[in-house]
Amino acid sequence: MAEFEKILFKYIDFPEQDRIDTYMKNGGYAAFRKAVTTMTPEEVTDVVIKSGLRGRGGAGFPAGRKWSFLPKGTGKPVYLTVNADESEPGTFKDRELMEKDPHMVIEGTLIAAYAIKCKIAFIYIRGEFTFAARQLTRAIEEARAKGFVGKNISGKGIDIDIVVHRGGGAYICGEETALLTSLEGGMGYPRVKPPFPAVAGLYGCPTIINNVETLANLPHIINRGAEWFASIGTPKSTGTKIFCLSGHINKPGNYELPMGVPLREVLYDYGGGIKDGHNLKAVIPGGSSVPVLTADKIDVHMDFESLAEAGSMLGSAGVIVIDETMCMVRAALNLAQFYQHESCGQCTPCRQGTYWMLVILNRIEHGEGRMEDLDTLLDICDNIEGNTICPLGDAAVPSVRSTIKQFRDEYEYHITNKACLPGTTAPRFE
Amino acid sequence: MADNITLTIDGKMVEVPPGTLIVEAAQRLGITIPTFCYDERLRSVGACRMCLVEVEKMPKLVASCATPVAPSMVVHTKNDRVIKAREGVLEFLLINHPLDCPTCDKGGECPLQDLTYAHGPAVSRYRENKIRFIEDINQKFDDKPLGPEIILNRNRCIMCYKCVRIVRDLAGEADLGVFKRGAFTNISNLNEVAYADEFSGNTVEYCPVGALLSRSYRYSIREWLLKKATSVCNLCPVGCNMNVEWSAGRVYRHMSRRNREVDDGWLCDRGRYGFDIFSAADRLFKPHIRRGSTLEPCGFDEALIVVSKHLRKIIDQNLGMQVAAVGSPTLSNEEAYAIRHFFDDVIKTPEIDFQTDMAHPVESGIIDLVGLDGAIRDLERDTVFVIVGADPAVEQPVATLLIKKAVSIRNARAIFIGSYDKRLGHFPITNIRIPYGAEGHALEHISNRLENKAASDDIRLNEEALNEIEELARKGERVHIIAGRNFFNHPDRAGFLAAMLRLRKLANARLSILPPQSNFIGVSHFGLFGDVDHSFNKILERIDSGEIKTLFVFGSNPVDEFPDRKFVLDTLKKLEFLVVVAPFMHPTASLAGAVFPQAMLPDYGGTFTNIEGRIQLFEPMSDRPHVAVRPAWGILGEIADLINLGRIWYHDREIRDEIARQLKGMAVLAHMPSDGFLFPFRSQEELETRPVNLKTLPARKNEHSYILQFAQSVHHQGWLTEKSNNLMRISGREAILIHPEDAARDGIVENQAVTVSNSDESITVTARITTHVNRGEALLVNSFTGQPANKLMSRDSSITYVSVKGI
Ligand SMILES: Cc1cc2nc3c(=O)[nH]c(=O)nc-3n(C[C@H](O)[C@H](O)[C@H](O)COP(=O)(O)O)c2cc1C
Ligand code: SF4
Ligand code: SF4
Ligand code: FES
């Protein structure tokens, strides 16, 4: 377990870190001040591009590059929307940041808003996050009192306001275009891209959507420079990452670690090993939407490239640990239920495909499976993937496909014996 | 203009304008990409995913209905990857679809059936229970009424959102929406409010499955048993193109026959569902002649002989001047021409008019102005609509869709000037409220501003709205002044017209005076418009004085229409001989000596002229189930034969040939193009401005009197639409709208039955209390012949004063 300096979580448990005075004593708002007083918006964007910071919401798109796609001179306002809808099963990092260090999120938001010349930023926060929403709202008011939010910031004629909007608690509203539709007051339906939000987003205006954790990195990048940030992690996945450990693990929770840390280290050095002395069966390394890795793959490094190479994805870095007592059919069914329930129903493959997968899995789990169901399930996966409006359809596929591919014996046992593989009974996620 | 874009689709190059969607570019090459949710007239949603295609260099398949072309794109619409995805989508659409095609109305004309036939799986891998929305366990079908006419079977819905888009974007209403998520997503009406907007039938026609159904058609016949007659709607002057679909002499439905210039494939519910007037139970199919005090059915020849003998006598004695004829603005061009020709040349009488619903006939100068300035399609390019004395959403529904489009997509402004508030779906409009009859005054306020003249203080108006119009007009926006039905019965028509002409000039505007009746322009230009001296009102006076002894009525119903019921009834009774050609035994027909059953669409063929002057052909159905019904020219032709003048016409085409020979610029009529042709009917000279002399505004007689006004609805227009069970199911009952202050003073509460009366007569209706009308004015909506409003009117006054009392 190598020693390294935490960035996002440095003060996470510091007493009263959520108060602006403490936050500023610990160096807060210096970066924003530095940006507005000594840097042009273009320079801020440049630093972020150089830092190699990639989006922490799941897709890993380089943040600075995204900003640079904003069309110039449209005459329309530019909006920043902070994606705080965090609903991916197994993911709970943004919540901790917002609850315990809300000013870091606000400062990051202000820096991004300054860089893209946005006057009103919206934080779209998951409906269930009542406390986090309160923390953010209070933080904004404190920052306003100090003159960081509002009109004519630092006497520089810069206006930035931040509005907290609470969602209705739908997973789909974390998808960036559904988020925008919902923010506008519509039903949370994703939009066909192109046009991308950077061109036509909120109210048809150029809009940038960034994840909470992505933005929380900005104050540190501005304070300490792009080179410093890029020196952490791997060349293509720079910086640190908050990994959310859950499932059959002794010490579940959020761990900020450098990108590229081996999964084995995450599980055993930080997570304290598998619960109750059981053996590891599988890990879902990036939130429920990515393929499972079998236990023999845990030497993989936790960064965008290495995980892709290993046949999975970093996603939102929700590391879900599954031990030998878990029935994989039941695990897949559990996730299929989630995706069926969360599909917005707008496009055919996702609307019908998630339902069809669910009913088949249900049948198999309840001892009424047929052998040909497995090929049908795989074919349904093929017919959903890539053919939908938004990536929710794609996200519903990996849990089903990868469990069938890697644990086909468990499925076949279920079908033949109408029961779980001995020793694997029910999910024990607590 | 940006340069065209060249791309390759399935190995073929095509050049298209930027912004073209891939699916449209493919269409140009004759490549049809299967679609469900795509409709070029509606905003793309890319939801069904049926139209997925591969674009080289793009990682995923893209929805060709939602993706615009880009330079050098290489598109594949038929490769294995595309076909696999397409088959997958079809299979997904079918898993929860009930496949109850044998009992589904859409069977035979169903895109889901057709595309499954072309691309779909022949066997199903789906072994699970289908999701079923059970509406009523006691019902045979899972049908859920959304409103009086529209019924939804949610099991069949494939979530293409066409209905929702038609309601929201086209009609501008908010009555249908999407509920729930995932596989349980479904369409329903919001808040259980009955769904019955003016365009609801289009959702049924364009639903790609049998999810949306019309009560009037549901489970009545298989689609392939229907025959189609090319037709044109006769219930308003837009003249939407449609097919009348019939079998064994019965009309089952009207479906649109898309004409991009006129209707773009939409029909309003009046036109669509009014089809059952044709087969109404009390429709007249037999001639009747009077024997003593009763009218008795008789053979066609018998009735003809009675009328012919009478006319022979008149001709022999040279008494043609004692005969008069009146038509109706719903007759065909050919009928109008035939009536004019017959009475002018054969009977030799000048006493001919074309409508019976006005006491103050329009002057010839005005007739030459009536109609749309420009083409219907031009409406979507106007940027400011000043709509005065008109409610186009009711009077010309489908043309109004273009005003809605201009307002909703191009941010055009629609400003209504009138004595009661109008709406344009939920699209933003401004209502400038004026006292009854003050249309001219309001327009003068605007004109004075444009000429920097002081405003008079005759009426007080919404300054903000006036400022806006002034500013827009000064900015050189495309202003369009539209007047309508209220112009024709306006108490100061001359002043109103002069004021419109002045504003037209100052704002460099277009000016349209839109007639409310279907063939007003055709009938008046093809013969029936005479001069004011021989108006129906004058004809009645001459009947009263005994100068006219014989009257022919074609298609109109003066007893229910003329704004003085007592006078018209008393006068018609003085006739020696009244001949009425009517589709129903209405009160006018009941007075007649001889009644001929009138042909209605699609009994006969002919042409109508719409508001833009487009002459359009409609054809009869090939069966002739009603042997004795004739159009006006059919009856007059046979009479001519019997009075030894030789039969004049056997077919509508002969009349068109004759018009083509006789009237300048009408040669095309001999070979009617299928999408009609535009005939330049509007006189330019009449557009000259003239001095504006406004009459003083009518005042309230006493504090209990109301000035009575009338409004119709899309679903109900009078004695004819009253015969449609379909429309009556949708339409509301009659009501009188009064202002809350008046209601409080007269002790009237919402929904109370009230009598509306003048000194002699009264009718009973329901009161509605609303600030949408002025104090001292009462608005009678949806008047039914059972409570005839013309009882309260007098031909001597264009203003009707009434009192309203609770019962
Ligand atoms: C179904 C679905 C749910 C998502 N939920 C979230 C979420 O809760 N939070 C989030 O930041 N991004 C979420 N995303 C990703 C966003 O669409 C988007 O990529 C991200 O917010 C961009 O921010 P970033 O570039 O900073 O990562 C979701 C995507 C999908 C398809
Ligand atoms: S993929 Fe699923 S969630 Fe995304 S638009 Fe389609 S139905 Fe909605
Ligand atoms: S009811 Fe018909 S038109 Fe409406 S969404 Fe369903 S399939 Fe489409
Ligand atoms: S037709 Fe293109 S997605 Fe439906």
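Reading the values: rules and limits
Residues numbered from 1 in each chain as written. Chains lettered and ligands numbered in written order. Predicted model: local features only at pLDDT ≥ 70, side-chain atom pairs only at ≥ 80, totals over all residues. Heavy atoms only, no water. Near = heavy atom within 4 Å. Nonpolar A, V, L, I, M, F, W, Y, C, P; charged D, E, K, R; others polar. Core = buried A, V, L, I, M, F, W, Y, C linked by side-chain atoms within 4.5 Å. Buried < 20%, exposed > 50% of the residue type's maximum accessible area, 1.4 Å probe, protein only. Contact = heavy atoms within 4.5 Å. Pairing = 2+ DSSP bridges. Helix = DSSP H or I, 4+ residues; strand = E, 2+ residues; numbered from the N terminus. Axes fitted to C-alpha atoms, helices over the stretch in contact; angles between N-to-C directions. Domains from an automatic or database assignment. Buried area = accessible area lost by both parts, 1.4 Å probe. Salt bridge = Lys/Arg side-chain N within 4 Å of Asp/Glu carboxyl O. Phe/Tyr/Trp six-rings, centres within 6.5 Å; stacked < 30°, edge-to-face > 60°. Lys NZ or Arg CZ within 6 Å of the ring centre and 35° of its normal. Polar contact = N/O pair within 3.5 Å; in protein donor to acceptor, adjacent residues only side chain to side chain. Parallel < 35°, antiparallel > 145°, perpendicular 65-115°, else oblique. Left-handed = near helix turned anticlockwise from the far one by under 90°.

Student: For the site of ligand 3, give the residues involved together with the corresponding values.
Tutor: Residues in contact with ligand 3 amount to 14 residues; listed here are only the nearest, C157(B), C160(B), Y161(B), C163(B) and C207(B). Of the residues in the shell around ligand 3, the class split is 13 nonpolar, no polar and 1 charged.

Student: Pulling in residues and values, what's your account of the nonpolar core?
Tutor: Most often, soluble globular proteins have nonpolar side chains that are buried together. Residues and elements named next belong to chain B. If you look at the biggest cluster of nonpolar residues, it comprises 174 residues, and the most contacted ones within it are L7, F36, L112, V238 and F385. Apart from the residues lying within four places of it in its own chain, the contact partners of F36 are C48, M50, L90, L93, P111, L112, L115, I158, C160, K162 and P208. In terms of nonpolar packing, the next biggest core, distinct from the first, is built from 101 residues, C298, Y337, F487 and A660 among them.

Student: So what's going on with the site of ligand 2? Which residues, and what values?
Tutor: Near ligand 2, the surroundings consist of 13 residues, among which I172(A), C344(A), C347(A), C350(A) and C390(A) are the closest. Here the residues of the shell around ligand 2 are counted per class, giving 8 nonpolar, 5 polar and no charged.

Student: Go over the sheet that holds strand β27 (residues 614–618) of chain B with me, naming the residues and quoting the values.
Tutor: Residues and elements named next belong to chain B. Across the sheet, which stays open at both edges, the 3 strands sit in the order β26-β27-β28 with antiparallel pairing between neighbours. Looking at strand neighbours, the two that pair on one side only are β26 (606–609) and β28 (677–678), the edges of this open sheet. Note that β27 and β28 share 2 bridges and pair antiparallel. Its bridge partner being in β28, I615 is matched across the sheet by F677. In the packing of helix α8 (residues 333–347) onto the sheet, contacts are made with β26 and β27, and the angle to β26 comes to roughly 100°.

Student: So what's going on with the domain arrangement of chain A? Which residues, and what values?
Tutor: Residue and element names in this part refer to chain A. Each assigned domain of chain A is listed here: domain 1 (20–228), domain 2 (240–323) and domain 3 (328–417). Each side of the interface is counted separately: domain 1 has 16 residues, and domain 2 has 20 residues. Both faces combined, the contact of domain 1 with domain 2 buries some 1,300 Å², and carbon together with sulfur accounts for 51% of it. In this structure, the connection of domain 1 to domain 2 is made through 2 salt bridges. We note a salt bridge from R54 to E305, for which the minimum N-O separation is 2.7 Å.

Student: Describe the packing of aromatic side chains, with residues and values.
Tutor: Residues and elements named next belong to chain B. What the rule picks out here adds up to 31 aromatic pairs over all chains. Judged by centre distance (5.3 Å) and plane angle (65°), the rings of F487 and F496 are edge-to-face. Assigned by exposure class, F487 and F496 land together as buried. For K422, the ring lying beneath its charged end belongs to Y420, and the centroid distance is 4.1 Å. Residue placement shows R795 over the ring face of F567; its charged tip is 3.8 Å from the ring centre.

Student: Lay out the domain arrangement of chain B in plain terms, naming residues and giving numbers.
Tutor: All names here are of chain B. As assigned here, chain B comprises domain 1 (5–78), domain 2 (129–274), domain 3 (288–362 + 519–598 + 631–663), domain 4 (372–513) and domain 5 (705–806). For domain 2 versus domain 4, the separation of C-alpha centres amounts to 33 Å. The interface is formed by 21 residues belonging to domain 2 together with 15 residues belonging to domain 4. Summed over both sides, the interface of domain 2 with domain 4 buries roughly 1,400 Å², with 59% coming from carbon and sulfur. Here domain 2 and domain 4 share 2 salt bridges between them. Applying the counting criterion to the domain 2 and domain 4 interface returns 5 residue pairs in polar contact (both at pLDDT 80 or more). Top contributing element to the side of domain 2 that touches domain 4 by residue count: helix α4 (residues 162–171), with 4 residues. Looking at the side of domain 2 that touches domain 4 residue by residue, the classes come out as 12 nonpolar, 1 polar and 8 charged.

Student: Help me get a handle on the packing of helix α16 (residues 372–384) of chain A against helix α17 (residues 392–406) of chain A, residues and values and all.
Tutor: All names here are of chain A. Contact geometry of α16 with α17 gives a least axis separation of 9 Å together with a crossing angle of 150°. One element, α16, and the other, α17, form an angle in the roughly antiparallel class. Our pair here, α16 against α17, has a crossing hand that is left-handed. In contact with L374, L377, L378, C381, D382 and I384 of α16, α17 contributes G393, D394, V397, V400, R401, I404 and K405.

Student: Please provide a residue-by-residue account of the sheet that holds strand β21 (residues 479–483) of chain B, values included.
Tutor: Residues and elements named next belong to chain B. One open sheet accounts for 5 strands, arranged β20-β19-β18-β21-β22; its pairing is parallel. One side of each edge strand has no neighbouring strand; the edge strands of this open sheet are β20 (430–433) and β22 (510–513). Recorded for the sheet is a direction-independent mean angle of 20° between the axes of neighbouring strands. Looking at chain direction, strand β19 (residues 413–418) and β20 are connected through 4 bridges and run parallel. Considered in β20, the bridge of I417 is made with I432. Lying over the sheet, helix α13 (residues 463–474) contacts β18 (384–388), β19, β20 and β21, oriented at roughly 120° with respect to β20.

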